[in-house]
Amino acid sequence: QVQLVESGGGLVQAGGSLRLACAASGRTFSSYAMGWFRQAPGKEREFVAGISGSGGATYYPDYVKGRFTISRDNGKNTVYLQMNSLKPEDTALYYCAARNSVHRSTTEHDYIYWGQGTQVTVSS
């Protein structure tokens, strides 16, 4: 069982930056690939970034590539999402998730543990 707690959300102006963090419980954090997803009001949840268990492989969809960076510190059981050049359309509730595999995935259903989410609001 893995418990995930996100932090770092908030209100920021367009063009600004935020860094989200997700702290995980448990002693085998490196055995879980991690992902960040987001859900805006009235929209489906979408994939934002993924990272393998070792941190050696990452993946981003086109709409955040070059602006967002996912990283992890396995010694601290924490995964991060650095978000730069934020746009109003990035406004959403951001979730971190863990899957029971070291291999990263873009598919929501591959992830079995989810945090409660942290709100990111980007004003224009």
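All figures in this text were calculated on a predicted structure; none of them were measured in a lab.

Visitor: What is the right way to look at the sheet that holds strand β8 (residues 78-83) in this model?
Guide: Sheet strands pair via backbone hydrogen bonds, and the direction of the pair is either parallel or antiparallel. Taken in spatial order, the 4 strands line up as β1-β3-β8-β7 in an open sheet, and their pairing is antiparallel. Among the strands making up the open sheet, the edge pair consists of β1 (4-7) and β7 (68-73). With strand direction ignored, the average angle separating the axes of adjacent strands in the sheet is 15 degrees. Where strand β3 (residues 18-24) meets β8, 6 bridges bridge the pair, whose relative direction is antiparallel. Looking across to β8, one finds that Cys22 is bridged to Val79.

Visitor: What exactly am I supposed to notice about the state of the cysteines here?
Guide: What is meant by a disulfide is a covalent connection between two cysteines, made through their sulfur atoms. As enumerated under the stated definition, the model contains 1 disulfide in all. What pairs with Cys22 in a disulfide is Cys96, and their sulfur atoms sit 1.9 Å apart. Residues Cys22 and Cys96 are joined by a disulfide whose S-S torsion is about 40 degrees; by sign, that bridge is right-handed. Taken together, the residues Cys22 in strand β3 and Cys96 in strand β9 (residues 92-99) connect sequence positions 74 residues apart. Accessibility expressed as a relative area gives 0% for Cys96, which makes it buried.

Visitor: Explanation requested: the pairing of β7 in the structure shown.
Guide: Because side chains alternate across β7, one face comprises the buried residues Phe68, Ile70 and Arg72, and the other comprises Thr69, Ser71 and Asp73, none of which is buried. Pairing geometry for β7 and β8, over 6 bridges, is antiparallel. Pairing of Phe68 across the sheet is with Met83, part of β8. Between the end of β7 and the start of β8, which pair antiparallel, lie 4 residues, with Asn77 showing a positive phi angle near 55 degrees.

Visitor: Would you take a moment to explain the packing of aromatic side chains for this structure?
Guide: Aromatic ring pairs are described here by two measures, namely the spacing of the ring centres and the angle between the planes. Evaluation of the coordinates by the stated rule reveals 7 aromatic pairs. Here the aromatic rings of Phe37 and Tyr111 are separated by 5.2 Å at their centres, their planes lie at 80 degrees, and the arrangement is edge-to-face. Here Phe37, found in strand β4 (residues 33-39), pairs with Tyr111, found in the loop between β9 and β10 (113-114); they are 74 residues apart in sequence, far enough to count as distant. As far as burial versus exposure is concerned, Phe37 and Tyr111 are alike and both buried. Plain terms: the ring middles of Tyr111 and Trp114 are 6.3 Å apart, the flat faces sit at 65 degrees to each other, and that makes the pair edge-to-face. Given a relative accessible area of 23%, Trp114 falls into the partly exposed group. Members of the aromatic cluster, joined through ring pairs, are Phe37, Phe47, Tyr59, Tyr95, Tyr111 and Trp114. The cationic tip of Arg45 hangs over the ring face of Tyr95; the distance from NZ or CZ to the ring centre is 4.9 Å.

Visitor: Explanation requested: the environment of Lys76 in the structure shown.
Guide: Mapping Lys76 onto the fold places it in the loop between β7 and β8. Judged by its relative accessible area of 57%, Lys76 falls in the exposed class.

About the cut-offs
Residues numbered from 1 in each chain as written. Predicted model: local features only at pLDDT ≥ 70, side-chain atom pairs only at ≥ 80, totals over all residues. Heavy atoms only, no water. Pairing = 2+ DSSP bridges. Helix = DSSP H or I, 4+ residues; strand = E, 2+ residues; numbered from the N terminus. Axes fitted to C-alpha atoms, helices over the stretch in contact; angles between N-to-C directions. Disulfide = S-S within 2.5 Å. Buried < 20%, exposed > 50% of the residue type's maximum accessible area, 1.4 Å probe, protein only. Phe/Tyr/Trp six-rings, centres within 6.5 Å; stacked < 30°, edge-to-face > 60°. Lys NZ or Arg CZ within 6 Å of the ring centre and 35° of its normal.

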